[in-house]
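Overview (structure and organization)
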Amino acid sequence: MSHQLPALPFAFNALEPHIDAKTMEIHHGKHHATYVAKLNAALESQPALMDQPVEKLLTDIAKVPESIRTAVRNHGGGHANHTLFWDIMTPGGAKEPSGTLLAAITKGFGSVAELQKKFNEAATNQFGSGWAWLVASQGTLEICALPNQDSPLMNGKTPICGLDVWEHAYYLHYQNRRPDYIAAWWNVVNWQKVADRFAKA
Ligand code: MN3
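Residues numbered from 1 in each chain as written. Predicted model: local features only at pLDDT ≥ 70, side-chain atom pairs only at ≥ 80, totals over all residues. Heavy atoms only, no water.

**A look at the environment of Asn 13**
By the secondary structure assignment, Asn 13 is in the segment before helix 1 (21-43). Between the C-alpha atoms of Asn 13 and Leu 153, which are 140 residues apart in sequence, the distance is 30 Å. (Helix = DSSP H or I, 4+ residues; strand = E, 2+ residues; numbered from the N terminus.)

Given below as structure tokens:
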């Protein structure tokens, strides 16, 4: 079965004013859809890999035949990253993290504010296209930034929260003001979903 574009779990305008409807419509309906289509096209030559979840393809990227490895890395990464991105955002505003996730944040960073500061630095300083990530690694939390559509899964880490800092994610509304986009994005983070992903990691 080929990979499918997941439905957006909210309306295009649901994250306004932080992320505008036009950006969401193009981001989901054009950019993410294209990653899915190109991943499926690459996998046509490897039917045995067709049924693998995209997360497994990325975790085991070294086992993907070299002829399609770059395509799976780029388009499979794009598919997995955006699927996570839509899932960890919510209309109606972020609540504070709690429970086990909050305990891990406090242990790893001292406070939520300190985590956000370090995450913002990673997102701001990622040169060119890429993502900032909060990842789980053996029960602890780490922040990293990766270029293009590279997934933390390729490094043996489990992404639990991520921010797309490709210009297509913010340029219509924020133009060159990436830090403003990053600051606004925290208003729509769904900490419950991040906590769920941490619990499963
Ligand atoms: Mn994107």
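**Some details on the packing of helix 4 (residues 99-109) against helix 8 (residues 191-200)**
A pair of packed helices can be characterised by two numbers: the angle between their axes and the separation between those axes. Between helix 4 and helix 8, the least distance of the axes is 8 Å, while the angle of their chain directions is 80 degrees. Taken together, the axes of helix 4 and helix 8 lie roughly perpendicular to each other. Here Thr 100, Leu 101, Ala 104 and Ile 105 of helix 4 come into contact with helix 8, specifically with Trp 191, Val 194, Ala 195 and Phe 198. (Axes fitted to C-alpha atoms, helices over the stretch in contact; angles between N-to-C directions. Parallel < 35°, antiparallel > 145°, perpendicular 65-115°, else oblique. Contact = heavy atoms within 4.5 Å.)

**Comments concerning the pattern of salt bridges**
The tally for this structure, following the rule as stated, stands at 8 salt bridges. Across the pair Lys 157 and Glu 142 runs a salt bridge, and its minimum N-O distance is 3.0 Å. Of the two residues, Lys 157 sits in the loop between strand 2 (140-147) and strand 3 (158-164) while Glu 142 sits in strand 2, which places them 15 residues apart along the sequence. Between Asp 180 and Arg 177 there is a salt bridge; the shortest N-O distance is 3.1 Å. What makes Asp 180 partly exposed here is its relative accessible area of 38%. Classification of Arg 177 by relative accessible area gives partly exposed; the value is 35%. What emerges from the salt-bridge pattern is a single network uniting Asp 87, Lys 193 and Arg 197. (Salt bridge = Lys/Arg side-chain N within 4 Å of Asp/Glu carboxyl O. Buried < 20%, exposed > 50% of the residue type's maximum accessible area, 1.4 Å probe, protein only.)

**Digging into the sheet that holds strand 1 (residues 130-137)**
The sheet built from 3 strands is open, its strands ordered 2-1-3 with antiparallel pairing. Two strands close off the open sheet at either side, each with one partner strand: strand 2 and strand 3. Averaged over all pairs of adjacent strands, the angle between their axes in this sheet comes to 25 degrees, without regard to strand direction. With 8 bridges joining them, strand 1 and strand 2 adopt antiparallel strand pairing. Within strand 2, the residue paired with Ala 136 across the bridge is Leu 141. (Pairing = 2+ DSSP bridges.)

**Structural notes on helix 8**
Those residues of helix 8 not exposed but buried are Trp 191, Val 194, Ala 195 and Phe 198. Buried residues in helix 8, looked at end-on, bunch into an arc of 100 degrees, giving them a common side. Away from its buried face by more than 90 degrees, helix 8 exposes Gln 192 and Lys 200. Structurally, helix 8 contributes buried residues whose contacts are with helix 4, helix 5 (112-125), strand 1, strand 2 and strand 3. (Arc of directions from axis to C-beta.)

**Quick word on the pairing of strand 1**
In terms of residue burial, strand 1 counts as a mostly covered element, since 8 of its 8 residues are buried. Residues of strand 1 alternate between two faces, with Gly 130, Ala 132, Leu 134 and Ala 136 on one and Trp 131, Trp 133, Val 135 and Ser 137 on the opposite face, all of them buried. Connecting strand 1 to the next strand, strand 2, in antiparallel fashion are 2 residues, including Gln 138 with a positive phi near 50 degrees.

**Let's talk about the domain arrangement of the protein**
Here the protein is partitioned into domain 1 (21-87) and domain 2 (99-200). The straight-line distance from the C-alpha centre of domain 1 to that of domain 2 is 20 Å. Counting residues at the interface gives 19 residues for domain 1 and 22 residues for domain 2. Approximately 1800 Å² of surface area, both sides summed, lies buried where domain 1 meets domain 2, with 59% of it carried by carbon and sulfur atoms. Across the pair Asp 87 and Lys 193 runs a salt bridge whose closest N-O atoms are separated by 2.9 Å. (Domains from an automatic or database assignment. Buried area = accessible area lost by both parts, 1.4 Å probe.)

**Side note on unusual backbone geometry**
Going from Glu 16 to Pro 17, the amide bond is cis rather than trans, its omega being 5 degrees. Unusually for a residue other than glycine, Gln 138 sits at a positive phi of about 50 degrees. Along the chain, Gln 138 turns up in the loop between strand 1 and strand 2. Owing to a relative accessible area of 82%, Gln 138 belongs among the exposed residues under this scheme. The backbone phi angle of Asn 148 is positive, close to 55 degrees, even though this residue is not glycine. Residue position: Asn 148 is located in the loop between strand 2 and strand 3. Here Asn 148 falls in the partly exposed class, since its relative accessible area comes to 39%.

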